[in-house]
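# Close look at the chain arrangement
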Amino acid sequence: MKLQRMNRRALTLGALAVSGALALTACGSDDTGTKGSGSSSAAATGASDIKCDDAKGQLLADGSSAQKNAIDAWVKAFQSACTGVQVNYKGGGSGAGITAFTQGTVAFAGSDSALKPEEVEASKEVCSGGQGIDLPMVGGPVAIGFNVSGVDNLILDASTIAKIFDSKITNWNDPAIAKLNPDAKLPNLKIQAFHRSDESGTTDNFTKYLAATAKSDWPYEPGKAWEAKGGQSAPQSSGVAQQVKQTNGAIGYFELSYAKDGIKTVSLNTGASAPVEATTENASKAIAAAKRVGTGKDLALKLDYATKAEGAYPITLVTYEIVCDKGNKADTLPATKAFLNYIASEDGQKILEEIDYAPMPEEIISEVRTTIAGLS
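These lines cover the structure that appears in this document, whether it is placed above or below.

What follows concerns the overall build of the chain. For the chain, the helix and strand inventory stands at 13 helices and 13 strands. Within the chain, counting contacts between residues at least 6 apart in sequence, those at least 24 apart form 75% of the total.

So, in structure tokens, the structure goes:
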């Protein structure tokens, strides 16, 4: 399965490079005044959804590291088509992104959690006559990666996961783990549990799952900041994944696209008839059942972390692009809309499933497209 994902990434990047190069030729044709040739070339390459319009200049953004791999793929294709725009997405974590947005230093932010009421109020200071809104754009499972010598498959339930990450289960041959994995040769090895050191929407979603499904074993309020006892920390999803990869006995959580280079992932015993793997397909089943809780132009969703539906992976996050509904800066608004229009387009969403993310269901992304069109 991991090899298939690596092959899919290679094919996707190659396709992006080809379509980007051809789209660049198409934009050049428009510049020379040969009207019509640009749009036909773009359509032929599948890049017809990249419309540059009046986009130009530098577009600064920051936030969710969980979506960083998706943003990188989108930026590659977008900048190839729209040569007058430079998109710089820092990926410093959801907390950093929201702070940068409410301070007015970025055009948009990425967050794996919807804006809190106090953050919406703070956004009104930078959104002249408007406020920050949540646009669901990227979905995917929060995978639990592990590195235990001699163990290729691992099944855990919410209670056991909670105890591991709260330092109540400290060894891999613990009876609770052995009961869930009767066929595994679990070693007498200390558990090294890694969590995020920075404020993170990934942590928020992971702890919401634990709070919803293992409350008696997880006495902490869910949130972006880690509160449990013990364990070790690392910055961003990439940092946690790297620690798991290089540490025998390690376990950690991160977006599925970071579970690469041999990192194995836990299957969850949710109470369904069979353990559920962390896959984009299984995440999509959970996202499709989400309820909209945002009002007005805000499209925030509520996920059911305690679902026992067959094949639904419950530790699933939705990453939002946060932008002003009104009062966006005039110099970056054209580029912001052009980029957001592209990533919400059919072509933009198709890229996601090739790099271990889950596209938004059609009924959700269609609302996102309408909302982007009305940004001012």
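There's more to say after this.
Moving on, we come to the nonpolar core. Counting residues in hydrophobic clusters, the biggest one holds 112 residues, and the most contacted among them are Trp74, Met137, Phe165, Ile251 and Phe339. Dropping the residues within four chain positions of it, phenylalanine 339 is found in contact with Leu59, Ile71, Trp74, Val75, Phe78, Val87 and Phe108.

Our next topic: the environment of alanine 373. Counting through the fold element by element, alanine 373 comes out in helix H13 (residues 362-373). Note: C-alpha distance between alanine 373 and alanine 338 (35 residues apart in sequence) is 9.5 Å.

Turning our attention to the environment of lysine 302. Here lysine 302 lies in strand S12 (residues 301-302). Judged by relative accessible area, which is 55%, lysine 302 ranks as exposed. Here lysine 302 is in contact with Ala290, Lys291 and Val293, once residues within four sequence places are set aside.

Among all residues except glycine, the phi angle is most often negative; among peptide bonds, the trans geometry is most common. Its identity is not glycine, yet aspartate 53 carries a phi of approximately 50 degrees, on the positive side. Structurally, aspartate 53 is set in the loop between helix H2 (37-45) and strand S1 (57-63). Look at glutamine 236: it is not a glycine, yet its phi comes out positive at around 60 degrees. Structurally, glutamine 236 is set in helix H9 (residues 236-246).

Following both chains from N to C, one finds helix H11 (residues 333-344) and H13 inclined at 165 degrees, their axes separated by 10 Å at the closest point. By the angle between their directions, the pair H11 and H13 is classed as roughly antiparallel. Crossing of H11 against H13: the hand is left-handed. Residue-level contacts link Lys337, Leu340, Asn341 and Ala344 of H11 to Ile365, Val368, Arg369, Ile372 and Ala373 of H13. Here the residues of the contact of H11 with H13 sort into 6 nonpolar, 1 polar and 2 charged.

What counts and how
- Residues numbered from 1 in each chain as written.
- Predicted model: local features only at pLDDT ≥ 70, side-chain atom pairs only at ≥ 80, totals over all residues.
- Heavy atoms only, no water.
- Helix = DSSP H or I, 4+ residues; strand = E, 2+ residues; numbered from the N terminus.
- Contact = heavy atoms within 4.5 Å.
- Core = buried A, V, L, I, M, F, W, Y, C linked by side-chain atoms within 4.5 Å.
- Buried < 20%, exposed > 50% of the residue type's maximum accessible area, 1.4 Å probe, protein only.
- Axes fitted to C-alpha atoms, helices over the stretch in contact; angles between N-to-C directions.
- Parallel < 35°, antiparallel > 145°, perpendicular 65-115°, else oblique.
- Left-handed = near helix turned anticlockwise from the far one by under 90°.
- Nonpolar A, V, L, I, M, F, W, Y, C, P; charged D, E, K, R; others polar.

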